[in-house]
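Results of the structural survey
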Amino acid sequence: MSHDTIPGGSSPAADAASSSSSHGVGATTEHQHHLRRLPNFLVSVKLKYVKLGYHYLISNLITLLLLPLLSFLFVHLDLLSLWSHLQYDHLLLVLASSVLLVFALTLYFMTRPRSIYLLDYSCYRPPTHLQAPRHRFLQHSRLTGDFDDSSLEFQRKILERSGLGEETVVPEAMHSIPPRPSMQAAREEAEQVMFGALDNLFAATGVKPKDIGVLVVNCSLFNPTPSLSAMIINRYKLRGNIHSFNLGGMGCSAGVISIGLAKDLLRVHRNTYAVVVSMENITQNWYFGNKKSMLIPNCLFRVGGAAVLLSNKPADRRRAKYKLVHVVRTHKGAEDKAFRCVYQEQDDAGKTGVSLSKDLMAIAGDALKTNITTLGPLVLPISEQLLFFFTLMARKLLNFKIKPYIPDFKLAFEHFCIHAGGRAVIDELEKNLDLSEEHVEASRMTLHRFGNTSSSSIWYELGYIEAKGRIRKGHRVWQIAFGSGFKCNSAVWQALRNVKPSPKSPWLDCIHRYPVEIPA
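Source: prediction; values computed, not measured.

1. Re the overall build of the protein
Along the backbone of the protein there are 18 helices and 11 strands. Counting over 520 residues, the protein shows a buried share of 54%. Looking at the protein alone, contacts between residues at least 24 apart form 81% of all its contacts between residues at least 6 apart. If you sum the accessible surface of the protein, you get close to 23,000 Å²; carbon and sulfur atoms cover 58% of it.

Right under this line is the structure:
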């Protein structure tokens, strides 16, 4: 249960963080109301993050300038006549120029970043018999005998305001009375999610498991020995020299971190495939206590996972869905408040859970502000960058009392996959970035249909957009996720063709019912 998405827990999380010692759930003081909202992170921007974004841009400037220059030379110069004129009169100059040209071209082709392609991905669809509608969830919580009346009422109100629907799934171990959160049950949940997604992925792409050169698995709170990545290697008999990694404790933004790691590895190891598996495990991370600030994950997190197949082979461009354009990571862990705002610990009764700070929403907003300030120079059109830059200079250097300019990220992206951590954070991002209902529809509907599936939620959201038939060649997709630590990470993809939904997409048999109206 990756608890760093609890910024998405938003209003319930803020209630929990500010009422751990109270018995009423409906306290609505002005202070609490403030905690439920993201700060207006576009009002103040730090110059160092703008500079970082421009540094990323300038680092590729040689490539950007060299290609137009070479094109101009080939188009506008009669190279054959020039060669015949110079080869006798200035032989030494010709040889030196030829060597320099060959050197420049070799340097370019050797140092240019290899393109990373997304061939396909698969989102796990949990079985319907494990669904946990609200009335069954609350009835089960009461029958376990672990929660007092105040905690049961608290959970009821969270569920009412969470944005979750009636078809979300909890693991099989939680359907037993009493629950059986054993190591074996947790392994079974992990196997069902990972192998279910990977079986579909290999079947859909035709790629053989033996051809996989890189494997990255992320799961925050379940890290057995042997590791989850070793379980996959054993199941599919992957090759002995595979580069495998198992990321733990990195929260709901770890899916983007895994993509970034796979990208770096694919740029080192030629002509191979990478598989990224993003999931969370709920079985051993259910909280059985009565501390309200630690009850939120039980109500929001649900079973889910995704497997993604990447390639660095130029020939795979023809059949790939997307090309990876950017990965931008922001980590606020150097700040004590950010580090402890989502914190796994034991309550006074010795029961383990994740505690949420009252500063959570403000910290999430600050991390997001930093991330988009760095991302902006990489993706925004030049007109937006100039308006933003000159306004920022006037405010920061000249102390002009003018309203900050908010860049229009809708000019940079056609589609938005905002981590479905909770209802209020989606609402706040919609407001702060001036997005439309359709832009955040995938996030809201994913939260409704599947709940908070942690680091895999951004893939369920992309699957929703594909199932709606909205992605066309050239469209850009922005995936953005939050995580404990505290982190905010972004991935930017560009569609290489008109994208159809993946085979066995979890949306195919229900997309006609969406979007649905979610009660306020």
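Next comes the rest of the account.
2. Section: the pattern of salt bridges
Under the defined criterion, the tally for this structure stands at 22 salt bridges. For the salt bridge of E345 with K291, the shortest nitrogen-to-oxygen distance reads 3.7 Å. One end of the pair, E345, is in strand β7 (residues 342-346); the other, K291, is in the loop between β4 (273-279) and α12 (296-300), and 54 residues separate them in sequence. A residue is classified by how much of its surface remains accessible, and K291, at 29% relative accessible area, is partly exposed. Here K410 makes a salt bridge to D434, at a shortest N to O gap of 3.7 Å. Here K410 is found in the loop between α15 (382-396) and β9 (415-418), whereas its partner D434 is found in the loop between α16 (423-432) and α17 (437-450), with 24 residues between them in sequence. Overall, the relative accessible area of 26% leaves K410 in the partly exposed class. On the basis of relative accessible area, D434 is assigned to the exposed category, the value being 56%. Taken together, the shared-partner salt bridges connect K332, E335, D366 and K369 into one network.

3. Considerations on α17
For α17, built from 14 residues, the straight-helix expectation of 20 Å at 1.5 Å per residue is met to within 8% by its first-to-last C-alpha distance of 19 Å. Of all the bends in α17, the largest measures some 25° and sits at S443. Across the 14 residues of α17, 12 count as buried, placing the element largely inside the fold. Close packing links the buried residues of α17 with β9, α16 and α18 (457-467). G451 lies just past α17 and shows a positive phi near 80°.

Rules used in this analysis
Residues numbered from 1 in each chain as written. Predicted model: local features only at pLDDT ≥ 70, side-chain atom pairs only at ≥ 80, totals over all residues. Heavy atoms only, no water. Helix = DSSP H or I, 4+ residues; strand = E, 2+ residues; numbered from the N terminus. Buried < 20%, exposed > 50% of the residue type's maximum accessible area, 1.4 Å probe, protein only. Contact = heavy atoms within 4.5 Å. Areas by Shrake-Rupley, 256 points an atom, 1.4 Å probe, with all protein chains shown as cover. Salt bridge = Lys/Arg side-chain N within 4 Å of Asp/Glu carboxyl O. Expected span 1.5 Å × (residues − 1). Bend = angle between axes of the 7 residues up to and from the residue.

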